[in-house]
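# An overview of the molecular structure
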Amino acid sequence: MTASNYKSDSANLAKYLSLNQFGKIQAEYVWIDGDSGLRSKTTTLDKSPTDVSELKEWNFDGSSTNQAPGDNSDVLLRPAAFFRDPFRKGDNIIVLCETYNNDGTPHRTNYRHECAKIMAAHADAEPWFGIEQEYTLFDQDGQVLGWPKGGYPGPQGPYYCSVGANVAFGRDVVEAHYRACLYAGVKISGINAEVMPGIDMGDHLWMARFLLHRVAEDFGIVVSFHPKPIKGDWNGAGCHTNYSTAAMRAEGGIKAIYEAIERLSTRHLEHIAVYGEDNDQRLTGKHETGHISQFSSGVANRGASIRIPRHVAAEGKGYMEDRRPASNIDPYRVTHIFVETTSP
């Protein structure tokens, strides 16, 4: 069996997953590696935790994840949140962790630590986020799922929210991932992430990504979060970030929205710096994007940096959408800078 034709043997696996665990719990520890990818490994617990503080610290070999040199390779894992495990089911859990150095300081790849601090400092503003995670599915030969071998499909247009075997590909993965998120407790509404306060946005988006990779494994499919996986006249992939505060959601909140947009306009390049790798390939001013070098805003304008939805402008309150973030963002960095920039 080669890597190119391997798929999970669900029928055989089910025989083993149904075995009695006799009260033991499997906890899958997940962390972000040195290349913004995801890694995981499993430990056994004697009982189900009721709070994240009950979970032990662990460690891993950082020299194998681009997070430490070989002569000082231990990196610490500190549990930050946990979710139900949709793959093992039962009382088993998946644990999202922060990474720390041996001296107790946050690892250079740990953006959650600072994000949590700024969310706590601005908790009174009640910041809410909803991030729209886009991605591309490939087969194991590196071909976009559903595309003809050695060629291209018809021009884009009929694929958006499509139905039919000739225009919709990978629906099994999407449906399985959606259900896995609901089971796990990941807050998701439709195919987009649900509105969440503060640090929860980053936690739930990273967990949703982990679940997507795991689901795709079962179908022999590869997930890409690259913002422009296919060059040419094709839309890129983004992580449009919807944002509001209590002031924006209140009557007359449109004033607070415009004030926040004005603040965002003064730090455009600082935001672009943390809005994802290779985002210049996506933010070209075409394909429903604003140009990476220019800041713009508008009502119902999907070619702007910041879009104010039509109904928000009409109601005079609500939220804004930042269309600049790429699909490969670290949500902790994006939500951090958003609160930092827009706070009075």
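The structure displayed is predicted, hence computed values, not measured ones.

Here we take up the overall build of the protein. Across its full length, the protein carries nine helices and 15 strands. The C-alpha radius of gyration computed for the protein amounts to 21 Å, which stays within 12% of the reference 20 Å derived for 344 residues, consistent with globular compactness. For the protein, the spread of C-alpha atoms along the three principal axes comes to 60 × 50 × 40 Å. The buried share of the protein, reckoned over its 344 residues, is 45%.

Taking the numbering used here, the UniProt-annotated feature "domain: GS beta-grasp" (unreviewed entry) corresponds to residues 25-104. Helix makes up 0% of residues 25-104 and strand 49%, whereas the separation of the span's terminal C-alpha atoms amounts to 27 Å.

This brings us to the pattern of salt bridges. As enumerated under the stated definition, the model contains 16 salt bridges in all. In this structure, Arg-112 and Asp-203 form a salt bridge, with 2.8 Å as the shortest nitrogen-oxygen distance. One end of the pair, Arg-112, is in helix H2 (residues 112-121); the other, Asp-203, is in helix H4 (residues 200-218), and 91 residues separate them in sequence. Of the residues examined, Arg-112 reaches a relative accessible area of 12% and is grouped as buried. Accessibility expressed as a relative area gives 3% for Asp-203, which makes it buried. In this structure, Lys-317 and Glu-251 form a salt bridge, with 2.7 Å as the shortest nitrogen-oxygen distance. Of this pair, Lys-317 sits in the loop between helix H8 (310-315) and strand E15 (320-322) while Glu-251 sits in the loop between helix H5 (246-249) and helix H6 (254-265), and the two are 66 residues apart along the sequence. Lys-317 sits in the partly exposed class, given a relative accessible area of 24%.

Turning next to the nonpolar core. Grouped burial of nonpolar side chains is what soluble globular proteins tend to show. The biggest cluster of nonpolar side chains holds 55 residues, and the ones touching the most others in it are Val-186, Met-207, Leu-211, Ile-257 and Met-320. For this core, the leading source of residues is H4, giving ten residues. Residues Ile-25, Tyr-29, Val-95 and Cys-97 belong to the second largest nonpolar core, which totals 13 residues.

Counting buried residues in strand E1 (residues 25-32) gives seven out of eight residues, a clear majority hidden from the surface. Note: E1 against strand E2 (residues 38-45), eight bridges, orientation antiparallel. Following the sheet pairing, Glu-28 is matched in E2 by Thr-42. If you look at the hairpin formed by E1 and E2, you'll find five residues sitting between the two strands, and Ser-36 has a positive phi there, around 65°.

Rules used in this analysis
Residues numbered from 1 in each chain as written. Predicted model: local features only at pLDDT ≥ 70, side-chain atom pairs only at ≥ 80, totals over all residues. Heavy atoms only, no water. Helix = DSSP H or I, 4+ residues; strand = E, 2+ residues; numbered from the N terminus. Rg over C-alpha atoms; globule rule 2.2 N^0.38 Å. Buried < 20%, exposed > 50% of the residue type's maximum accessible area, 1.4 Å probe, protein only. UniProt positions renumbered as here; feature names shortened; annotations may be inferred. Salt bridge = Lys/Arg side-chain N within 4 Å of Asp/Glu carboxyl O. Core = buried A, V, L, I, M, F, W, Y, C linked by side-chain atoms within 4.5 Å. Pairing = 2+ DSSP bridges.

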